[in-house]
Number of protein chains: 2
Amino acid sequence: MSEQPAPAQTTVQASGSAVPGSPAAADAGPLPAELAAALKRDSAGLVAAVVQQYDTNEVLMLGWMDDEALHRTMTTGRVTFYSRSRQEYWRKGDTSGHVQWVKSVAMDCDGDALLVRVDQVGAACHTGTRTCFDGRELNVTTAQAV
Amino acid sequence: MSEQPAPAQTTVQASGSAVPGSPAAADAGPLPAELAAALKRDSAGLVAAVVQQYDTNEVLMLGWMDDEALHRTMTTGRVTFYSRSRQEYWRKGDTSGHVQWVKSVAMDCDGDALLVRVDQVGAACHTGTRTCFDGRELNVTTAQAV
């Protein structure tokens, strides 16, 4: 079983939780070994991926990625998610045309979240709003005035 | 067992997945019933919370909230998370002083993510960087140039 030979291609700096010989590192998956070892997946094998418009910094949506979805996102130019409800890979825009072009991907300090900066074509939300959070504010009773 | 009597206080518009009589709605928790019914928690009872600086739109970090953590975030002016690793509630800033003051909270279209806009004092990351993603970019081989 060969390991991915290219950990030097990543700039992962959050590998404190990497465990050599752990299942994630030992199973040759689609990701560079160092990155695969640093990811802290939930019980379903997923990490949260925050999608942000690269020039305005709007938070567009949150999706979920397993190793293969992250690999596709890093190598194809389009964001790929893994659907928890449908249990399948999907790309924003395949039916709507509202494509997300990848600008950059970063992993957070403890490896359980990704920040994917994109150029979003049209609406990010399937309901037609620009972001999946637009018009969905909750009542916050003691917040400071913005 | 009394239910929270105040669903009208929320502006939840993403209640398509609400199931009257579901465990989340039937157990009187800390949240308004409509909000509790609309949240789509993972197997650990958590939703992802994206924390964003309200004036610059920087994505600072991602944390996790159960119903109680969300309730505290909505009612105390400070962001409260639930730690998956330590299995306890925590607030950014209690030890570092790097407090997050809540400006607004929104739930996404399918109820499994929150966007918490804050005023972040100092560094959001425990490593000392402004955000938990700073300097942690992965190699993206086919991204468009920013």
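Residues numbered from 1 in each chain as written. Chains lettered and ligands numbered in written order. Predicted model: local features only at pLDDT ≥ 70, side-chain atom pairs only at ≥ 80, totals over all residues. Heavy atoms only, no water.

### So, the pairing of strand 4 (residues 88–91) of chain B
Successive side chains on a regular strand alternate, one facing one side of the sheet and the next facing the other.
All names here are of chain B.
Step number 1: Note: strand 3 (residues 80–83) against strand 4, four bridges, orientation antiparallel. Across the sheet, residue Thr80 finds its bridge partner in strand 4, namely Arg91.
Step number 2: Connecting the antiparallel pair strand 3 and strand 4 is a turn made up of four residues, with Gln87 showing a positive phi of about 55 degrees. (Pairing = 2+ DSSP bridges. Helix = DSSP H or I, 4+ residues; strand = E, 2+ residues; numbered from the N terminus.)

### Thoughts on the sheet that holds strand 2 (residues 59–65) of chain B
Residues and elements named next belong to chain B.
Step number 1: The sheet built from four strands is open, its strands ordered 2-1-6-5 with mixed pairing. Edge positions in the open sheet fall to strand 2 and strand 5 (100–107), since each of these has one partner strand only. For this sheet, the mean inter-axis angle between neighbouring strands, taken without regard to orientation, is 25 degrees.
Step number 2: Where strand 1 (residues 47–53) lies against strand 6 (residues 113–120), six bridges are found, and the strand directions are parallel. Within the sheet, the bridge partner assigned to Ala48 lies in strand 6 and is Ala113.
Step number 3: Its contacts with the sheet place helix 3 (residues 67–76) against strand 2, strand 5 and strand 6, and it is angled at close to 130 degrees to strand 2. (Axes fitted to C-alpha atoms, helices over the stretch in contact; angles between N-to-C directions. Contact = heavy atoms within 4.5 Å.)

### As for the UniProt feature "binding site: Zn(2+)" (unreviewed entry) in chain A
Step number 1: The positions that UniProt labels "binding site: Zn(2+)" (unreviewed entry) are, in the present scheme, A:Cys109, A:Cys125 and A:Cys132. A maximum C-alpha distance of 27.7 Å is found for the annotated residues, which run over 24 residues; spatially they are spread out rather than grouped.
Step number 2: With respect to the helices and strands, the residue A:Cys125 is situated in the segment after strand 6 (113–120).
Step number 3: When near neighbours in sequence (up to four residues on either side) are disregarded, A:Cys125 contacts A:Arg130, A:Thr131, A:Cys132, A:Arg136 and B:Cys109.
Step number 4: Mapped onto the elements, A:Cys132 comes out in the segment after strand 6.
Step number 5: Under the relative-accessibility criterion, A:Cys132 is labelled buried at 5%.
Step number 6: With residues up to four places along the chain from it excluded, the contact list for A:Cys132 reads A:Leu60, A:Met61, A:Ala124, A:Cys125, B:Met107, B:Asp108 and B:Cys109. (UniProt positions renumbered as here; feature names shortened; annotations may be inferred. Buried < 20%, exposed > 50% of the residue type's maximum accessible area, 1.4 Å probe, protein only.)

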